[in-house]
Each structure stands twice: as structure tokens, then as C-alpha cells.
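What the coordinates show
In case you want the letters, here they are:
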Amino acid sequence: MMKGSKKSGAYYISACIFVLLMLCIASSLYYSALKIDYVWRWYRIPQYFVYQDQVEIRAQMEGEVESIRIKGKNAVIRIKGKEETERNTVPASGIRVDEGDLIYPGDILATYQKWRIGILTQGLWLTLKVSFIAIVFGILIGLFTGIARLSSNPALKWSAVTYIEFIRGSPLLVQIFIWYFVLGTLINNILVKI
Amino acid sequence: MIDVKNISKTFVSHSTEVKALVNITAKIDPGEVVVVLGPSGSGKSTFIRCLNYLNVADEGSIIINGIDILDPKTDINKVRADVGMVFQSFNLFPHKTVLENVTLAPIVVRKVPKQEAVKKGMALLKKVGIQDKADVYPDQLSGGQQQRVAIARALAMEPKVMLFDEPTSALDPEMVGEVLDVMKNLAREGMTMVVVTHEMGFAREVADRVIFMDEGAIVEVGTPEHFFSNPTHERTKLFLSQIL
Amino acid sequence: MRSSSASKRSKQGNHYYFWVGVFIFIVISVVLSLYFSALQIDYTWRWYRIPKYFAYNERVEVKADMDGKVESIIKKDHKAIITVKGPQESASYTAPKGTLQVEKGDTIYDGDILATYKIWRVGILLQGLWLTLKVSVIAIVFGIVIGLFSGLARISSNPALKWTAITYIEMIRGSPLLVQIFIWYFVLGTLINNILIKHGMGQISALWFGVAALAGFTGAYVAEMVRAGIQSIHRGQTEAARSLGMTYVKSMRYVILPQALRRILPPLAGQFISLIKDSSLLGIIAIRELTKATREVVTTSLQPFELWFVCALLYLVLTFTLSMALQYLERRQLAV
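These numbers were taken from a predicted model, which means no experiment stands behind them.

Topic: the overall build of chain B
Along its length, chain B carries nine helices and ten strands. In terms of overall size, chain B behaves like a compact globule, its C-alpha atoms giving a radius of gyration of 18 Å where 244 residues would be expected to give roughly 18 Å. Burial analysis of chain B (244 residues in total) assigns 56% to the buried set. Of the contacts made within chain B by residues no fewer than 6 positions apart, 65% connect residues no fewer than 24 positions apart. Here chain B has roughly 10,800 Å² of accessible surface; of this, 50% comes from carbon and sulfur atoms. Where the 27 positive side-chain charges of chain B centre and where its 31 negative ones centre are 5 Å apart.

Right, dumping it as C-alpha cells:
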């Protein structure tokens, strides 16, 4: 604050010490894990963000592959059974059957790979969704409650105070349990009855 | 006692540069009372704050009692112990009584035993006329009383030079007199003083020399007689015509 | 403020008390609707089952675990020590005076009851409440220490100290407490305990990792309070202290910190109250604080409605008392 704005050598030495400290912490975590025979497998993590899912298109009836017509990237497989025909639209690159093959229910007609969102990303998305919806309602509730809190009307003011003190005085976890196990059971059971 | 050679100070905030001090050279001899005058923004506060390192001059040298305070190897705390400062906003310690304010630094910095510090402290409080308020907290005092305590606090360290940064500017008019009286007594006793002030009467009565600053530079230096009755520079004349 | 609302009251007269009545009506209807909707879905309210979770009278039976004869009964203070002597060995049993069911010389068989008495035991909910308080107090103490040093480091001009403090503060404040608890228990906990095993030392229980998580969490928030408190002190104070010749450390110790501490205390007390609520998350790693205790009791008694309200009420009692105490102290501070 009172020293010169010129950065002395001591400043850069301290900066290096900081970087060194961070590296030490990171590596000591890494190596202590190895010491207790923990196998680091970072390569297993990306699949929880996105992964390629193997999708199988199966036949639902018994019959014979009547025709495979390719239209652009997709193909239409027609299976002719005793009474009816089944048409499946599949990506052309993954077809596993030929014209004339005998098909039984459950047989794989085509497979293809599709990129799917992993669990972690799904969770992140849900976190964002939930937080956003909650903040919107929270702001509305808070706005009205805040104004009621300042009102001179005791019904409004004390209701607001009661609500605020209950919520601020108890843990969120307990409130979640009350919402789900008490209010939730009540509301859902009443809805069932209706 | 204080030898200032070619100091400059530039403040940089965001993208604007303010040249607060431009190549200032000044000398203050022991026992001298030097009053620094000038319009606001002239750099007088910056100048006096540079003298005890509260603002750090970008270049030049400031030698106090033979020690260059701009030298990084200097122990600035030792120098500051010999340079007393009185602030415009008093800056008394609100959590300590008047007596504790005065005795804190001697006990903690000079390691003076408490009894002796208290004795000397009470003597100082008597000197500034506040001894009956020794066990009172600063917030119960008037501005003038607080400033007198601040002067006693600075004197407790037995400094070789006292710096005053607009000591009466924050006071109601009726309290200015009591503080100026204390300062006049101090001057009479031979204390080396550098005073930034708007109180022309004080300058005329007590100053040995007057330094007039404008826009970061020293415009004119002279004795009070010369300065007030026969100034040389145009800007000095302009300033005086606005003030007097 | 007071006089204006009093005069408002006298001016409005009936209107004011009418609305007070409305409020009371609202409260009663909320309570009653909860009660009756529960009955509507065939929920049986059994409030009488709740008190035992606070305290109960347990029947203790002191049983012999060997065959023999009562050799002696020594009465000491309020206790009696029964010594049973068998063919090969003797065993001693302690019981409160006046509860004995045997006499000297009686023949004893394995499983015989030597004494029975009733003792008041603290119920699960109170145990949970106690653990919640314990954990919170330990965590706030460590949290304050960590926070003080981090706060000072945060405002230091030394980049090693400052950036370390910033990294710590931002990491803690940027992630959920629950995730931090998991990291402390499943990552650091596993690491530390396994390394301890390798060196032949004992294990650290989940409780301490939980406390560490809470303390580390609190520390980051306290650090910001310390920083704000110190920075709220007028710059002139530092200038005055330094111009008197005090070093940075001395000016902090005698001038800045004493003043800053007074400003830090109110938000600090608020943080303690938050800590008590945040401690409810520790149940995730099997620490039997109040919320976890409530969950366990709900499973065994199947009375979720009563128990969850009691749980919330207990927290409210804690936080409300502390809140009131804090307001009282603040008023006293201002008066001084």
C-alpha cells in the first residue's frame, strides 16, 4: 500500500513460491494416492461427459427381408411376414442384414453409433435448470415478502417475519425433507384421492 | 534537518496521470518554522506526506537528519519515530483513552516503561491544555480538543521535526484558535515545524519562511514580510488577492 | 420509530387489531389444515411417541455371567459392588444402592439378575442436538483461526501469501459444502487413513473429517469478513500509527485489529448460526447430528410428520436463541 509501485525482486520470488506451493500440493496428492495403491485412471472420466452409444435396431416380427431401399443417408428395410409387413428406417451405414435373410423377432437389423450426453453433463444441466427456476420463483416470493415485511399491516408484516425466520432458522436439508416427506406425501396422497 | 532534492510524484489512476509534484527542492533548517501555502491541488499535502514516506516520491532524494528515506535499505520506522505528524482529520485511536493515545507509541516503539510514559504523557496533555480529559475517549471531545490530543500524541515520541497537514481545516472556526495557540507555543520553544495551512495569520506571525506552491511546483519562497507585502510572481499575487 | 407506530396504532385503532386477528387466523388455519389433511390421508398423529426421543427411562438389568456364590456386597458412596466367586474366578458387578436383588451368600447362576434399576437416558434427538452443537463449536473455533490468518494473508502485499489465500477462499466459496464434505471424507479421508494404516497408526473417524470440512468451509467465509473488517478501518488510523514509528505488525496489533475485531464480530456470529444449519449435511457421512438422528428415528417410528417438525423446531430454538443473544450483545456494544 505504501511501498513503491515498482515490483522488487522479492515480489517475483514470492510469486514463484506460490506456483511452487500449488505444484507441491498437486503432486503430493497424486503421489500419496499412488502410495496407497490407488490407480489413477483419468482416461475413464471423459465418457461421463459424452460417449458414443451403440444403438441397435431390432426386428419385432418374424419374416423375410423383402427389400432394402437406400435413400440418401438412410435406408428402409421392409420385412414381410405372414400377415403383415414391417418397415424400419435405419442409417444406411449400419445395416446388418441382406435382402432375402430370414428374420426372427429381436434380430438386429442395423447398428449405429450416436453421441450421447454423459451423466455428469446431464447432472450439470439439471443443476442449472433447477437453480434457474428456483431463482425466478425465489425472486418473486422474496419481492412480495420483502415488501410485506416493511408494511405497517401486522397481518402482512408478521406473516412475512414468520416465514423469513422459519426458513432462515432451519437447515435447507431439513426443509427439503419436510417438503418431500411431509408436504409431498400430503399433497400427492390428496391428489390420488381426487 | 530536512533536505529535499528534485522530488517528483505522479499519481496514476486508471488511465489518467496526475503530476502532483514536479521537481521540488527545499531545505528546512533546525528550529525553522516553514509554512506551505497554495491553492487546493497544488501538491502541498503530497509534499508534506512525502516527508514521512506516507506518499513515496518517484524520484529525487529526501534526507532527514542525514538519512535518505527513499533508500530501500532505510528503516523507515526509525525515521518516522523522529518525525511527528498531525493530520487534518486528527486520526486519534477511538478504542483508547486520550492518555492511552498519547502513551501507546512511546511504550510500544521506544519501549518506555509505562509509569514514565504516563508521567510524560500527562505533562504533554497539560501543555496542550487537556489534562483533565486524560481518561476520556476521543469521541467525547470536540474537534479542537481532539486535535490538541493529536499534537500531544505526536510530541510524545520526542520528535525532531513536526509536520502539520492542514491541522485546522476540519475545525469549526471557534476552535481554530486553541490549536493555533498550541502550535505557536511549540514554535516559540524552537521546534522545527513544517505546516501546510490556510491560516494566513499564523503564517504571518510565526513562520520563518513561506513556501508557495502551485500545480505541483514551488513558485515562490520567502519571509512572511516579503511574501505578504511584496510578492514577486504573478501567481503568488493572484493567490493572495483571492485569499486576503 | 416506536412512537410513530404507536401513534399509528392509536389512529388506526380497530384496523390494527383487526389485522392482528387476521394474522392469528392465518397461523391457526395453516396449522389446522396441515393437521386435518394428514388425517385425510389416514396418517395417524402420534405425538405421544415423541418425548422418548428426548429422554427416556431405561430399565437396566445387571446380570451375572458366571456361576458362583455372592461372596461380598461392598457399599461405597451410592454404589454397591457385588463380588461373585465361582470355582475358578471371581467377577465384580456395580449397581446403585437399593436396587439389589441378591444377598450375601446367595447361589448365582449364569444369567441371574443381580440388580435392576431405572436410569434416565438422553434420547436420540437430544444426542443429535448435542452433537450438532459440539461439531459447530469446534468447527467455528478452527474456522476463526483459519479465517484470521487467511484474511490477513489476503490483504498482504506478498504474492505467495495473497494468491494462496485467494485460491483457498475462491475454491471453498465456489463449491458446495456437500461436495467438500465428500472430498474430505472419500478422498482426503481415504488417503490419510490408508497412509496411517501403512504406518501402523490408528484411524481418524469420520467425525473429524466432517469437522475439518466445516472448519475449512467456515474459514473461507471468515477470511472475507476479516478482510472487510480490516479494510473498513479508516486509512488515517494506519497512517497515524505508522507515522508514530510503529511497524506494520505493531500498528495491526495495537491499532487496526482491535478496531476491526469489533466490526467482525456481528457477521461472525451470523456465520456461527449458519454453521449450525450447515452441520445438518454431515449426516451424509454417517455423523449422528440432529438431522441424521431425525432420519433414523423416522425410519423406526414411521412418524415423519411429527418428527420433521420437531427437528425444524429444535434448529429454530438454537438459531433463534443465538440470534437474540447476538442482538442483545450488539445493543450493549452500541451503548458502550
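Some points on the overall build of chain A
Looking only at helices and strands, chain A has four helices and six strands in total. Beginning at the N terminus, the succession of helices and strands in chain A can be written as α-β-β-β-β-β-β-α-α-α. Taken against the 2.2 N^0.38 rule, which gives 16 Å for 194 residues, the C-alpha radius of gyration of chain A at 32 Å runs more than 25% over that of a compact globule. For chain A, the spread of C-alpha atoms along the three principal axes comes to 85 × 70 × 40 Å. By the burial criterion, 25% of the 194 residues in chain A qualify as buried. Across chain A, contacts joining residues at least 24 apart in sequence account for 50% of those joining residues at least 6 apart. Counting only carbon and sulfur atoms, one obtains 64% of the accessible surface of chain A, whose full area is about 14,500 Å². Within chain A, one finds 22 positive and 14 negative side-chain charges whose respective centroids are separated by 23 Å.

Focus: a nonpolar patch on the surface
All names here are of chain A. On the surface, a cluster of nonpolar side chains totalling about 1,200 Å² of accessible area is made up of F132, I133, I135, V136, F137, I139, L140, I141, F144, Y163, F166 and I167. Of all the secondary structure elements, the ones that give two or more residues to the nonpolar patch are α2 (119-150) and α3 (154-169). In terms of residues, the nonpolar patch owes the most to one element, α2, which gives nine residues. Inspection of the secondary structure assignment puts F132 in helix α2.

Things to note about the sheet that holds strand β5 (residues 102-103) of chain A
All names here are of chain A. Here we have four strands laid out as an open sheet, ordered β4-β3-β2-β5, and antiparallel in their pairing. Every interior strand has two partners, whereas the edge strands, β4 (85-91) and β5, have only one. Here strand β2 (residues 63-71) runs beside strand β3 (residues 74-80); their pairing, made up of seven bridges, is antiparallel. Along β3, the bridge assignment pairs V65 with I79.

Some remarks on the sheet that holds strand β2 (residues 16-28) of chain B
Residue and element names in this part refer to chain B. Spatially, β2-β1-β4-β5 is the arrangement adopted by the four strands of the open sheet, whose pairing is antiparallel. Each having just a single partner strand, β2 and β5 (67-68) make up the two edges of the open sheet. Packed on one face of the sheet, helix α1 (residues 44-51) meets β1 (2-13), β2 and β4 (59-64) and runs near 120 degrees to β1.

Focus on the interface of chain C and chain A
Where the parts come together, the accessible area they lose is often given as the size of the interface. Contacts between chain C and chain A engage 44 residues on the former and 40 residues on the latter. Here chain C packs against chain A, burying approximately 3,600 Å² in sum over the two surfaces, 80% of which is carbon and sulfur. It is C:F23, C:I41 and C:W308 that lose the most area in chain C upon contact with chain A, and together they represent 16% of the buried surface on that side. Joining chain C to chain A, the criterion identifies two salt bridges. Close ionic contact of C:D42 with A:K193 constitutes a salt bridge, the shortest N to O distance being 4.0 Å. Taken together, the links from chain C to chain A amount to five residue pairs in polar contact (both at pLDDT 80 or more). Among the elements of the structure, α2 (14-40), α4 (159-174), α5 (177-198), α7 (235-243), α9 (290-301) and α10 (304-335) of chain C are those that each provide at least two residues to the side of chain C that touches chain A. If one sorts the elements of the side of chain C that touches chain A by residue count, α2(C) sits on top with ten residues.

A few points about unusual backbone geometry
Residue and element names in this part refer to chain B. Located in the positive-phi region is N91, a residue other than glycine, with phi close to 60 degrees. Along the chain, N91 turns up in the loop between β6 (83-86) and α3 (98-108). For N91, a relative accessible area of 6% gives the class buried. One non-glycine residue, E215, lies in positive phi territory at about 50 degrees.

Observations regarding the environment of A:I164
Residue and element names in this part refer to chain A. With respect to the secondary-structure elements, I164 resides in helix α3. Given the relative accessible area of 22%, I164 is considered partly exposed. When the C-alpha atoms of I164 and T145 are compared, they prove to be 8.2 Å apart, with 19 residues separating the residues in sequence. Contacts of I164, omitting those with residues within four sequence positions, involve T145 and R149.

Things to note about the pattern of salt bridges
Tallied over the entire structure, the rule returns 29 salt bridges over all chains. Salt-bridge contacts for B:R209 lead to B:E32; the nearest nitrogen and oxygen are separated by 2.7 Å. Of this pair, B:R209 sits in strand β9 (residues 209-214) while B:E32 sits in the loop between β2 and β3 (33-37); the two residues are 177 residues apart in sequence, bridging distant segments of the chain. Note on B:E32: relative accessible area 11%, which makes it buried. A salt bridge links B:R49 to C:E239; its shortest N-O distance comes to 2.6 Å. Of this pair, B:R49 sits in helix α1 while C:E239 sits in helix α7, placing the two residues on different chains. Here B:R49 and C:E239 have matching classes, each one buried. Overlapping salt bridges bring together B:R49, C:R235 and C:E239 as one network.

Things to note about a negative patch on the surface
On the surface, a cluster of negative charge is contributed by C:D65, C:D67, C:E89 and C:D110. Looking at where C:D65 falls in the secondary structure, it is placed in the loop between β1 (55-63) and β2 (68-76).

Description of the environment of C:E224
All names here are of chain C. Along the chain, the position of E224 falls in helix α6 (residues 206-231). Along the primary structure E224 and W184 are separated by 40 residues, whereas in three dimensions their C-alpha atoms are 22 Å apart. If we skip the residues at most four places from it in the chain, E224 touches R154, I169 and R173.

Analysis parameters
- Residues numbered from 1 in each chain as written.
- Chains lettered and ligands numbered in written order.
- Predicted model: local features only at pLDDT ≥ 70, side-chain atom pairs only at ≥ 80, totals over all residues.
- Heavy atoms only, no water.
- Helix = DSSP H or I, 4+ residues; strand = E, 2+ residues; numbered from the N terminus.
- Rg over C-alpha atoms; globule rule 2.2 N^0.38 Å.
- Buried < 20%, exposed > 50% of the residue type's maximum accessible area, 1.4 Å probe, protein only.
- Contact = heavy atoms within 4.5 Å.
- Areas by Shrake-Rupley, 256 points an atom, 1.4 Å probe, with all protein chains shown as cover.
- Lys, Arg positive; Asp, Glu negative; His and termini not counted.
- Charge placed at Lys NZ, Arg CZ, Asp CG, Glu CD.
- Patch = residues over 30% accessible without salt bridge, like charges linked within 9 Å, V, L, I, M, F, W, Y side chains within 5 Å.
- Salt bridge = Lys/Arg side-chain N within 4 Å of Asp/Glu carboxyl O.
- Pairing = 2+ DSSP bridges.
- Axes fitted to C-alpha atoms, helices over the stretch in contact; angles between N-to-C directions.
- Buried area = accessible area lost by both parts, 1.4 Å probe.
- Polar contact = N/O pair within 3.5 Å; in protein donor to acceptor, adjacent residues only side chain to side chain.

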